[in-house]
Amino acid sequence: MSFEIIVPATSANLGPGFDSIGIAVSRYLKVKVEASTASWQVEHQLGKDVPTDERNLIVKTALQIAPAIQPHHLIVDSEIPLARGLGSSSSAIIAGIELADHLAELNLSQLEKLQLATKIEGHPDNVAPAILGDLTVSTYTADQQVFSIKGHFPEMALMAFVPPTELLTTASRSVLPAKLNFSTAVKASSIGNTLVAALFAGDLKQAGQLMEQDQFHEQYRAHLVPHLAKLRTLGHQAGAIATYLSGAGPTTMTVIDLKSCQRFADLVAASGLSGELLQLKVERQGVVIR
Ligand SMILES: Nc1ncnc2c1ncn2[C@@H]1O[C@H](COP(=O)(O)OP(=O)(O)OP(=O)(O)O)[C@@H](O)[C@H]1O
Ligand SMILES: N[C@@H](CCO)C(=O)O
């Protein structure tokens, strides 16, 4: 009996919410699970570097959780660009967990799925909104407990600027400092804490100002994503509330009123920056099986 798994893309960090805050957005990974086969067959248009057999991240994840499941023919349709900071690998991991859960009839709870996904990914800021939907604020404690709170992100347009070049999460994390001094850590976390409070209070103005005051990662990654500063300036010119580095990049995300999207798009087009501008919105629900 075939079924389909639909997982939203996600945008993580929102500036100072590094490895903690994330939102689900309106692009999707869809996995149609067709007939059982002698060996795993993964049909996709993601390019030659993404495997079509049991090495594919979706299947690898499923077999990690339920090694005895029968191989199937999977038809993957993804509109989430790879290695661009929109949670493509997280979406694949979650699709794998759902595949294992369904085929092995594990009846995993949402928290069990979140624990499994976070353990595989290493941080909850993409997998939590992909599972729960909307805005999530999460932490992954030293004893590998995941805590995640779902909130309502304000009704705004999200303009994702997607450069043509990949930036692997591993490469983007390799330039981050191993430690921060105490006073910097206190300042950086207070900005993140206040951002969360502003988001939950619906105070868009202060939330936007705080999204642009990250002290954990953006400054260290600036040389990898030189377009971030330019897009932030263009966002201000168009009346956006904030522009931040989406996940590990290179995509940037501009939070803006729907009525100002065209103005922003015109400024980006005139800037000569090369990349695709996607107009997205928050996806209020997480992964769906149908
Ligand atoms: N839909 C997918 N199906 C199978 N494998 C995937 C998929 N998306 C990502 N991957 C695997 O994850 C690798 C990229 O992981 P990485 O975290 O660097 O990028 P990403 O997850 O696409 O970007 P980000 O997490 O920053 O949004 C790809 O090279 C591929 O092996
Ligand atoms: N918080 C992670 C997100 C990765 O998608 C990072 O910035 O490296």
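Once a new chain begins, its residue numbering starts again from 1 and follows that chain's sequence as written. Naming scheme: in the order in which they are written, chains are lettered from A and ligands are numbered from 1. Only residues with pLDDT of at least 70 get local features here, since the model is predicted, and only at 80 or more are side-chain atom pairs given and counted; chain-wide, interface and lining totals rely on the full set of residues. The side-chain quantities take in all heavy atoms of the structure and omit both hydrogens and water.

As recorded in an unreviewed UniProt entry, the chain goes by Homoserine kinase and comes from Liquorilactobacillus ghanensis DSM 18630. UniProt positions are given in the numbering used here, feature names are shortened, and annotations may be inferred rather than shown by experiment. In UniProt, the chain has this text filed under Sequence similarities (unreviewed entry): "Belongs to the GHMP kinase family. Homoserine kinase subfamily." Regarding the chain, the relevant UniProt record gives this comment under Catalytic activity (unreviewed entry): "L-homoserine + ATP = O-phospho-L-homoserine + ADP + H(+)".

Okay, the overall build of the chain next. Here a helix means four or more residues in a row that DSSP labels H or I, a strand means two or more in a row labelled E, and each is numbered from the N terminus. A tally of helices and strands in the chain yields ten helices and eleven strands. Atoms considered for the radius of gyration are the C-alpha atoms alone. The globule rule reads 2.2 Å times the number of residues to the power 0.38. Taking 19 Å as the expected radius of gyration for a compact globule of 290 residues, we find that the chain reaches 19 Å, a close match to that expectation. With the principal axes as the frame, the chain shows a C-alpha extent of 55 × 45 × 35 Å. The proportion of buried residues among the 290 residues of the chain is 52%. Residue exposure (1.4 Å probe, protein chains only): buried if accessible area is under 20% of the type maximum, exposed if over 50%, otherwise partly exposed.

With that settled, the discussion passes to the site of ligand 1. Residues in close proximity to ligand 1 total 15 residues, the closest being Ala 83, Leu 86, Gly 87, Ser 88 and Ser 89. In the complex, the protein chains occlude 83% of the 610 Å² of accessible area that ligand 1 would expose alone. Throughout, the protein atoms alone are placed on a 1 Å grid, and a set of points is a cavity if a 1.4 Å probe fits but cannot get out or a pocket if it is open with protein on both sides within 12 Å along at least five of seven lines; lining residues have an atom within 4 Å of a point. Just a note on the criterion: a molecule sits in a pocket or cavity if more than half of its atoms are within 2 Å of the grid points. More than half of the atoms belonging to ligand 1 lie within 2 Å of the grid points that define the largest pocket. It is helix α2 (residues 88-103) that provides the largest number of residues to the shell around ligand 1, a total of three residues. Only Asp, Glu, Lys and Arg are considered charged in this grouping, and only Ala, Val, Leu, Ile, Met, Phe, Trp, Tyr, Cys and Pro are considered nonpolar; every other residue, Gly among them, is considered polar. For the shell around ligand 1, a count of residues per class yields eight nonpolar, six polar and one charged. Near is defined per residue: the residue qualifies when any heavy atom it owns lies within 4 Å of the molecule or strand. Here the open area of atoms and residues is found with the Shrake-Rupley method and a 1.4 Å probe, where only the protein chains shown may cover a residue.

Between the N-to-C directions of two axes lies an angle of 0 to 180 degrees, each axis being a line fitted to C-alpha atoms and, for a helix, fitted only over the stretch in contact. Here helix α6 (residues 182-201) crosses helix α7 (residues 204-211) at 155°, and the two axes come no closer than 8 Å. As judged from the angle between their axes, α6 and α7 are roughly antiparallel. As for the relative orientation of α6 and α7, their crossing is left-handed in sense. Touching Ile 191, Thr 194, Leu 195, Ala 198 and Leu 199 of α6 are Gln 206, Ala 207, Leu 210 and Met 211, all from α7. Comment on the angle field: the value is read as roughly parallel under 35 degrees, roughly antiparallel over 145, roughly perpendicular from 65 to 115, and oblique elsewhere. Note: crossing handedness is left-handed where the near helix turns anticlockwise from the far helix by less than a right angle, and right-handed where it turns clockwise. Any two residues whose heavy atoms approach within 4.5 Å at even a single point are treated as in contact.

Residues in close proximity to ligand 2 include Asn 13, Phe 18, Asp 19, His 123, Asp 125, Asn 126, Arg 173, Arg 221, Gly 247 and Ala 248, which together make up its full environment. At a separation of 2.8 Å, an oxygen atom of ligand 2 approaches a polar side-chain atom of Arg 173. For ligand 2, the accessible surface in isolation is 260 Å², of which the surrounding protein chains cover 97%. Spatially, ligand 2 is embedded in the largest pocket. Residues of the shell around ligand 2, tallied by class, amount to two nonpolar, four polar and four charged. When residues of the shell around ligand 2 are assigned to domains, at least three fall in each of domain 1 (3-152 + 285-289) and domain 2 (157-281). We call two N or O atoms a polar contact when they sit within 3.5 Å, provided that within protein one can donate a hydrogen and the other can accept it, with sequence-adjacent residues counted only if both atoms are side-chain atoms. Domain borders in the structure are assigned automatically or taken from a domain database.

Direction vectors running N to C along helix α1 (residues 57-65) and α2 enclose 45°, while the axes themselves pass 7 Å from each other. Classified by the interaxial angle, the pair formed by α1 and α2 is oblique. Viewed along their axes, α1 and α2 form a crossing whose handedness is right-handed. Residue-level inspection shows Leu 57, Ile 58, Thr 61, Ala 62 and Ile 65 of α1 in contact with α2, the latter providing Ser 89, Ala 92, Ile 93, Ala 95, Gly 96, Ile 97, Leu 99 and Ala 100.

With that settled, consider the UniProt feature "domain: GHMP kinase N-terminal" (unreviewed entry) in the chain. Residues annotated by UniProt as "domain: GHMP kinase N-terminal" (unreviewed entry) correspond here to residues 56-133. Taken end to end, residues 56-133 is 59% helix and 9% strand, and its two terminal C-alpha atoms sit 25 Å from one another.

Under the domain assignment, the chain is made up of domain 1 (3-152 + 285-289) and domain 2 (157-281). Taking the mean C-alpha position of each, domain 1 and domain 2 sit 24 Å from one another. Tallying the contact residues gives 27 residues for domain 1 and 36 residues for domain 2. Put simply, buried area is how much 1.4 Å-probe accessible surface two parts lose in total, over both of them, once they are put together. For the pair domain 1 and domain 2, the summed buried area comes to about 2,300 Å², and 65% of that belongs to carbon and sulfur atoms. Among the residues of domain 1 in contact with domain 2, Pro 16, Phe 18 and Arg 84 are the three that bury the most area, contributing 29% of the side total.

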